[in-house]
Amino acid sequence: MKKALGMLAVVLGAFALFVATRPTHFKVARARTMHAPAAVIFAQLDDFHQWAAWSPWDKMDPTMRRTYGGPDRGVGATYAWSGNDKVGSGTMTVAEARPSSRVVVDVDFEKPMQAHNIATFALMPHGEGNTLVTWSMEGDNSFIGKAFGVFVNMDKMLGEDFDRGLDTLESLSESKAEETKQAAVVSAQATTDAGIATPKP
């Protein structure tokens, strides 16, 4: 028994040393070119009320509780969530919002483990009428986070969530861009028709 416990202590010690050598910082990023103006995409990002329509995590728990605080959108807006084991709980705060360019969000996880990460959405023109959207998240790895990373590929796991979110954000933004375009055409046509219908003095 003593020999077995000794071997176990050696194994656990070796594992702890290995975990300690793991990177102390992580960053996961995915990018997508969307056929929509940056302003349309930005409007879905700096307003937490819009996130339920595209966020991959909101789809994991339809009964998730959401609480909004601060201004309706932009710097200082907050979003707290609490859900099942897949989504956990935590709070997000918009830390930076540059119109049609960049949104930075402080993400504070409470469950399943405590962590502070930073999510960034960078928007750049990419050809006529297109926008390159890069979604990244970075933060420091605690010992538990490092140990978790030994068994789970964080880039793959989180990256797949990002890809799903970008898929939905792309579809939503392109649909809204088309609606805006059609509304402008109708408005222009109505103005033209009104001008033709107005009798000349």
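Since this is a predicted model, take the numbers as computed values, not measurements.

**So, the side chain of Asp 58**
Assignment of secondary structure puts Asp 58 in the loop between α2 (38-45) and β2 (65-69). Within the local environment of Asp 58, its side chain forms a polar contact with the side chain of Ser 55, the two groups lying 3.2 Å apart. Within the structure, Asp 58 has its side chain in polar contact with the side chain of Tyr 79 (distance 3.4 Å). In contact with Asp 58, other than residues within four places in its own chain, are Trp 51, Ala 52, Met 64, Arg 66 and Tyr 79.

**Digging into the side chain of Ser 89**
Structurally, Ser 89 can be placed in strand β4 (residues 89-98). Excluding residues within four positions of it along the chain, Ser 89 makes contact with Trp 81, Ser 82, Phe 109, Glu 110 and Lys 111.

**Re the pattern of salt bridges**
For the structure on display, the rule yields 10 salt bridges. Asp 46 is the partner of Arg 73 in a salt bridge, and the nearest nitrogen-oxygen pair spans 2.8 Å. Here Asp 46 lies in the loop between α2 and β2 and Arg 73 lies in the loop between β2 and β3 (78-82), a separation of 27 residues in the sequence. Exposure remark for Arg 73: the relative accessible area of 38% places this residue in the partly exposed category. We classify Asp 46 as buried; its relative accessible area is 5%. Residue Asp 161 pairs with Arg 164 through a salt bridge whose shortest N-O separation is 2.2 Å. Here Asp 161 pairs with Arg 164, and both are found in helix α4 (residues 154-197), just three residues apart, close to one helical turn. In the salt-bridge network here, residues are joined through shared partners; they are Arg 30, Arg 32, Asp 163, Asp 167 and Glu 170.

Conventions adopted
Residues numbered from 1 in each chain as written. Predicted model: local features only at pLDDT ≥ 70, side-chain atom pairs only at ≥ 80, totals over all residues. Heavy atoms only, no water. Helix = DSSP H or I, 4+ residues; strand = E, 2+ residues; numbered from the N terminus. Polar contact = N/O pair within 3.5 Å; in protein donor to acceptor, adjacent residues only side chain to side chain. Contact = heavy atoms within 4.5 Å. Salt bridge = Lys/Arg side-chain N within 4 Å of Asp/Glu carboxyl O. Buried < 20%, exposed > 50% of the residue type's maximum accessible area, 1.4 Å probe, protein only.

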